Structures are given as C-alpha cells and as structure tokens.
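# Fold and contact review
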Amino acid sequence: MFSFPRFYGAWRIKELTPTPVWWLGSCHRHTAPGGVLGSGGARNNQGSKRRKKERSSCQPVLDLFDQQYSQELGELWVSARSVLLNPHSWQYGVMLNRFTAVTDVTQILQSQGFSRLLPQTDVSTLLSEAPSPASSSKYQKGKDSLLSPHCTSKCPPDDSPLQTDSTPHSLSQDLQSEPSLSLPRPSLQCYIHPYPLRFPSQPHRPGQLKQYYLLNAASLLPVLALQVRDGEKVLDLCSAPGGKALAIMQCATPALLCCNEPDPHRRDWLAKTLESFLPCSLNSRVIVSAQDGRCFGQSEAVTYDKVLVDAPCSNDKSWLYSCSSQQGEQRLKERARLPVLQVQLLQSALLAVRPGGLVVYSTCTLSSSENYAVVETVLNNCPEAELEDLWEEIAVPLSRYFTFTSAHPGHGQTSLQPCPQPQNDAVSSYHHRLGILVVPQPGKTWGPMFLSRIRRRK
Ligand SMILES: C[S@@+](CC[C@H](N)C(=O)[O-])C[C@H]1O[C@@H](n2cnc3c(N)ncnc32)[C@H](O)[C@@H]1O
C-alpha cells in the first residue's frame, strides 16, 4: 500500500514552489524477476472491466457529439462513434520502463501476441536526423555518459533536506556542476496488440519500480513530436497523472523536467506516478510544480527548450461515460470556456520556451474548437509562433497503426493523404496543417488525440 513520506505535508503548503521529486521518500530497487502479473493487477482489471460493462453512455453528451462531429468529421464520425460506444473494443498500449528490468514482461507480452509500436531501439532514430537547435543548450551533457545498461547512480539518503526554495532556473544551474549520471539507454518501448487485449495493470510494490505503464498509444505521439534530447530543459505544463512525463523520461534524460499540475488531488496522483516509475537518482532532474499553467509565461519566461501543453479538454471518451446526465450537462456547459483557457496555456508556453525552442499542444478531444481553432488563434496572436507540419514526420510513418486526419487554416477538412510540400518559407505557415488528429476507427481504436507543434522564432 502506498504511503506518503513525511515531507508531503510541507510540500503541499508550498504550492507555488516547484518541488524536487526526491521528497518522495525511499529509494527504489530494480524489480525482482518473476513479479510481472500480480494477482491484484489481474483482479483490478477484471473489476474495471465489469464497471465499464455496467456503465452506459451519457445521452446529452452523445447528442452534442453527434451534432458537432458529424459536421466536422463526416463519415469518419460514424465509425469513430461505434468505437467510442464500445469500450470493449478499446486498445491499450504497454509502455515499458527503462529504469527497471523488463525482460520477463517483454517475454510475456511477446508470447501473448503483443509487438512493438516503435521498432527502433533508440527513439531518436525515428525522428528527424537533423540535430535540434536545442541540443546546443548550455545544459546539454555528454550523451555517452548517459548510455549505460544499468542505473548505478547513488540515491540520496531518505532524510535529505527538502529543497523547497529551488526554482527550475536555479536547479538547472546546479545541474551543470552535477556529476554525470549513469542511466539506461534512452528507448521508448511500447507494446501493442492487434486486438483489444488488455494487459493487467501492475499493483504498487513498495521499494520496487513498476515495469510498465498502460496507456492509449496515441498519447505517445505528442511526446515524439516534442523531440526531447538529453540535457534539455523541459516543461510538462499540464502534467497529471503523468503518463506523458514518463514517456518523456523514456525518450531522453533531460537536465530538467518540470511537471506542473495545479489541481492538488491530481498532483498527488502525478507524484505517485513519478515515484512508482523513476529512480531516485533522477530526483534532482524531475520536479513537481503547482502553478496555474497560465502564469509560466511570466514567471519562467524564456526558460525551457521544450514545452508540452497537454491541455485540459473535453475528454471525449471519459465525458461520454459521465456518471449521470447532470454531470454530462454540467460538463457541456463548461465546455465553452475551454478554448479560452487552452489559448492562454499555449500562449504562456510560447513565452516560457526559449527562441528556437518547441511547444507541442495536444488534447484528447475531436473537437475542432479545442484543436485547430486554438492553434489558429495563437498563431494569429503571436508573431513569434511558427507552425511545424507533423504530417510527414508522424502521420505518414505511423499511419499503419493510427487513423489521422488534419485541417488547414479555415478548418477545411483535408484528405487523409499528404498534400504537397510548401514551395517557400514565406507561404509555408499558410500551407501547413494546423495539427494532426488521431480518430479512433475499428481495428485502430487509438485516440482521440490531437497534436500540433509550434516553434518560437529566433
Ligand atoms: C489532459 S490532462 C493531462 C494529462 C497528462 N499530460 C498525462 O499525460 O498524464 C490535463 C491536466 O491539466 C490540468 N489543468 C487544468 N487547468 C490547468 C491550468 N490552468 N494550468 C495547468 N494545468 C491545468 C488538469 O488538472 C489535468 O490534470
């Protein structure tokens, strides 16, 4: 059973101060072999399946989705609707944790017919070969020093003093003088199954890191689009429960990953996730912050190499299964306010990133007003924002697994085929798609997930 460490109370009081993760208490050890499928996990899985079976969709939400998405997506909505209304068809990816031994899990996954979503061992080879401008960051460390098969770094003692006054800026300066860590080779490994076979979730085991995290595989796409490199400073602006933060840590070893979450309950969840998956040798690099994301643009201006804005949105899957009609109706009322918040968060992120740095905006809704319209508004408001096209980089190579669609400025729906490249820089932002949208379809039930990448001009 998870128990909060004694620093927890002090951490909660200092809500506006980013907090090192190492308040999280005892060090983890590598997982002992043979502990993959705890019976608790299997039971939980059965329980959650039973709960899903009992739940029916929320009519007011479905009615609104029918009205809006049939207009925005046309025929694609008919098939997306059938997937969303059949939770038994939903697929789950199994993201392995590079910070613990996973050979036994890998064997079980393979024997059950799971295969790797990303065949490359090193995720950086999947992405553009061109070196990121951020790789020249002053926080960049020698990559080789991080490529070692096992974590041998020493963990700080459990009674280390809490650094409540650390800010990401002062922390990152400290990191420059920190001796290099020896961590496993960066590798984002996610296993998927062609059928909706759900691997059991892993129960918490005190003193041991979890070996895998279950997620919608489309959630990895914003992380891939962020192209995080070793030594960069990264902000995960809307971080709880922490799935994408974990994925970032599988891809690279940033100098700093600031995981921000203003909601206290969700922040507890986030902290628990980080504690369960990351070794305490990373505690000085991964910090939890509690700010309203809209403040980062001012409080941490020009600080980060990369910022992920995985924004609060009308989470289509979960809203369709609202507990009651009243809850569904309440959510729909509040929905109109989301685009304003999303624009503010994205603009804040663009101020927090350094010139030349990247911001990825993502949501898990199909709604055009929370996706394309938000990106378009920000591009109109911020002359320093430059849209990057993800179609060739992400949609084309991964179209075997995911169904993508996209829209240009004006939101005209485009075909699923790539369109010609822009002829020159002057017109490129107009011709770029505003983002790519993963639409759940039978057999490829991943999503909904929208992602868009914006570079801050130098
Ligand atoms: C879609 S969820 C993030 C999921 C997370 N990135 C992951 O992969 O596990 C959006 C999060 O944004 C948080 N949020 C809501 N308002 C916010 C704000 N003003 N600033 C920052 N985060 C906010 C919500 O509490 C929620 O946890």
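Keep in mind that this is a model prediction, so the values were computed, not measured.

## Observations concerning the nonpolar core
Counting residues in hydrophobic clusters, the biggest one holds 53 residues, and the most contacted among them are Leu-117, Leu-221, Leu-274, Ile-394, Leu-398, Phe-402 and Phe-404. Ranked by size, the runner-up nonpolar core spans 52 residues in total, among them Val-61, Val-83, Leu-366 and Val-375.

## Observations regarding the packing of helix 13 (residues 338-352) against helix 14 (residues 372-381)
Following both chains from N to C, one finds helix 13 and helix 14 inclined at 50°, their axes separated by 9 Å at the closest point. With respect to each other, helix 13 and helix 14 are oriented oblique. As for the relative orientation of helix 13 and helix 14, their crossing is right-handed in sense. Two secondary-structure elements touch here, helix 13 through Pro-339, Gln-342, Val-343, Leu-346, Gln-347 and Leu-350 and helix 14 through Val-374, Val-375, Thr-377, Val-378 and Asn-381.

## Focus: the packing of aromatic side chains
This structure, assessed with the given rule, holds eleven aromatic pairs. Both rings, one in Trp-90 and one in Tyr-321, keep their centres 5.9 Å apart while their planes meet at 75°; by these two values the pair is edge-to-face. Of this pair, Trp-90 sits in the loop between helix 4 (75-84) and strand 2 (93-96) while Tyr-321 sits in the loop between helix 11 (316-320) and helix 12 (325-335); the two residues are 231 residues apart in sequence, bridging distant segments of the chain. Centroid distance Tyr-213 to Phe-277: 5.6 Å. Interplanar angle 75°. Geometry classified as edge-to-face. Of the two residues, Tyr-213 is situated in strand 5 (residues 212-215) and Phe-277 in helix 9 (residues 264-277); the sequence distance between them amounts to 64 residues. Residue classification places Tyr-213 among the buried residues on the basis of a relative accessible area of 16%. Taken together, the ring pairs in this structure connect Tyr-401, Phe-402, Phe-404 and Trp-446 into an aromatic cluster. Looking at Arg-198, its charged tip hangs above the ring of Tyr-92, at a distance of 4.1 Å from the centre.

## Notes on the pattern of salt bridges
Side chains carrying opposite charge are able to pair once their charged atoms draw close together. By the definition in use, this model includes eleven salt bridges. The partner of Glu-388 in a salt bridge is Arg-453, and the shortest N-O contact between them spans 2.8 Å. Taken together, the residues Glu-388 in strand 11 (residues 385-388) and Arg-453 in strand 14 (residues 449-456) connect sequence positions 65 residues apart. The buried category is assigned to Arg-453, whose relative accessible area is 4%. Here the salt bridges do not stand alone but share partners, grouping Glu-388, Glu-393, Arg-453 and Arg-455 into one network.

## Examining the sheet that holds strand 5
Spatially, 3-4-2-5 is the arrangement adopted by the four strands of the open sheet, whose pairing is antiparallel. Looking at which strands have only one partner, the edges of the open sheet turn out to be strand 3 (115-116) and strand 5. Pairing between strand 3 and strand 4 (residues 190-192): two bridges, direction antiparallel. Across the sheet, residue Ser-115 finds its bridge partner in strand 4, namely Ile-192. Across the sheet, helix 5 (residues 103-111) is in contact with strand 2, strand 4 and strand 5; its angle to strand 2 comes to roughly 155°.

The rules behind each value
- Residues numbered from 1 in each chain as written.
- Predicted model: local features only at pLDDT ≥ 70, side-chain atom pairs only at ≥ 80, totals over all residues.
- Heavy atoms only, no water.
- Core = buried A, V, L, I, M, F, W, Y, C linked by side-chain atoms within 4.5 Å.
- Buried < 20%, exposed > 50% of the residue type's maximum accessible area, 1.4 Å probe, protein only.
- Axes fitted to C-alpha atoms, helices over the stretch in contact; angles between N-to-C directions.
- Helix = DSSP H or I, 4+ residues; strand = E, 2+ residues; numbered from the N terminus.
- Parallel < 35°, antiparallel > 145°, perpendicular 65-115°, else oblique.
- Left-handed = near helix turned anticlockwise from the far one by under 90°.
- Contact = heavy atoms within 4.5 Å.
- Phe/Tyr/Trp six-rings, centres within 6.5 Å; stacked < 30°, edge-to-face > 60°.
- Lys NZ or Arg CZ within 6 Å of the ring centre and 35° of its normal.
- Salt bridge = Lys/Arg side-chain N within 4 Å of Asp/Glu carboxyl O.
- Pairing = 2+ DSSP bridges.

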